[in-house]
Amino acid sequence: MRLGIVGGTGWLGSALGRAVLEKGVLQPQNLSILNRTGPQDSYFGHRVHWPADLAGLISESDVIVLSIRPQDWEGLGLLAGDRLVISFMAGIGMNRLAACGGRILRAMPNAAAAIGRSYTPFVAAEGVSASDRATAMALLGAFGATEELPDEAQLDLMTAVSGAGPAYPALLAMVLAQFLTARGVAPEVAERAALNVVRDCPALIGAESGAAGAMVQTFLDYAGTTAAGLLAARNSGFESALTAGLDAALTRAANVG
Ligand SMILES: NC(=O)C1=CN([C@@H]2O[C@H](COP(=O)(O)OP(=O)(O)OC[C@H]3O[C@@H](n4cnc5c(N)ncnc54)[C@H](OP(=O)(O)O)[C@@H]3O)[C@@H](O)[C@H]2O)C=CC1
Ligand SMILES: O=C(O)[C@@H]1CCC=N1
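Residues numbered from 1 in each chain as written. Chains lettered and ligands numbered in written order. Predicted model: local features only at pLDDT ≥ 70, side-chain atom pairs only at ≥ 80, totals over all residues.

Caption draft 1: The site of ligand 1, seen in detail. The local shell around ligand 1 holds 26 residues, among which Gly7, Gly10, Trp11, Asn35 and Thr37 are the closest. For the shell around ligand 1, the element with the highest residue contribution is helix α1 (residues 11–22), accounting for 3 residues. Among the residues forming the shell around ligand 1, the class breakdown is 13 nonpolar, 10 polar and 3 charged. (Near = placed C-beta within 6 Å. Helix = DSSP H or I, 4+ residues; strand = E, 2+ residues; numbered from the N terminus. Nonpolar A, V, L, I, M, F, W, Y, C, P; charged D, E, K, R; others polar.)

Structure representation (structure tokens):
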């Protein structure tokens, strides 16, 4: 299989390119990278193809990954023939992607792709075969976990939620640190304390089903200071504020590009 990544030097495109090479999913001679700024001497220590333009990338690829920003899609003018096309673009629906003529699969990685820990759900259009799905899962599996969703509406929901990756935990860490600094704690100490909470919580919560709810319940049952804080945060609109943020992201996804 020969893979072409449009946007292969960007945030997600480079995470994918690096992962497929490091995991041995592809040999460098089977990887083509297109960007705006041009070729690089070394691509994560490998020599890959740097086609001069989109036509060059198409001609030397069996599978094309679109990892450009949504607003760049209309100007790209991709005509993919009967190739498998995997789009990472937020909010560019199957209806618009169909213009390129390929067999389309939309996937939604997140920033954890850069450390091989993305959660990458996908949906496939009609005409995408079992073998195409296996190909996509091998590629996406190189930078984390992947699974198929039943419909595109769910992928758009995931765009707002898992697609945001560390964004909301980072906002949480900022609020925690601001609370401390506003009450006299030195900024660097406040930041250490806040980051400790956010950075260590994945290992503490675990990954099993119901783990987050169980953790909250553990603290509520403990009935101490944290329970008082959790209840007050809920009563002050913590959940509705976050839900409003996710709704705004979903609305943006529907209007992007
Ligand atoms: N970043 C994230 O966490 C997530 C991103 N996404 C989606 O993934 C897609 C990629 O995002 P991200 O990696 O963050 O974006 P970046 O801005 O980091 O990368 C975009 C890439 O596209 C290249 N590019 C832009 N226009 C063209 C063009 N006309 N021809 C060839 N290459 C082009 C850029 O080239 P150059 O490097 O030369 O400028 C760059 O390599 C987006 O559509 C986004 O919605 C989805 C989920 C999460
Ligand atoms: O913020 C963004 O636009 C990207 C796309 C989906 C999630 N993150």
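Caption draft 2: Examining the pairing of strand β2 (residues 31–34) more closely. Taking every second residue as pointing to the same face, both faces of β2 are buried, with Leu31 and Ile33 on one and Ser32 and Leu34 on the other. Taken together, the 4 bridges between strand β1 (residues 3–6) and β2 define a ladder with parallel strand orientation. Along β2, the bridge assignment pairs Ile5 with Ile33. (Buried ≥ 20, exposed ≤ 12 C-beta atoms within 10 Å, placed from the backbone. Pairing = 2+ DSSP bridges.)

Caption draft 3: The UniProt feature "domain: Pyrroline-5-carboxylate reductase dimerisation" (unreviewed entry) in the protein chain, seen in detail. Here the UniProt feature "domain: Pyrroline-5-carboxylate reductase dimerisation" (unreviewed entry) sits at residues 152–254. From the first C-alpha to the last, residues 152–254 spans 12 Å; its make-up is 82% helix and 0% strand. (UniProt positions renumbered as here; feature names shortened; annotations may be inferred.)

Caption draft 4: Summary view of unusual backbone geometry. With phi around 55°, Phe44 is a residue other than glycine that occupies positive phi space. Looking at where Phe44 falls in the secondary structure, it is placed in the loop between β2 and α2 (54–59). Judged by the 13 C-beta atoms lying within 10 Å of it, Phe44 is partly exposed. Unusually for a residue other than glycine, Ala223 sits at a positive phi of about 60°. Summarising the element assignment, Ala223 is placed in the loop between α9 (211–222) and α10 (225–235). In this structure Ala223 comes out as exposed when scored by C-beta crowding, with 9 C-beta atoms within 10 Å.

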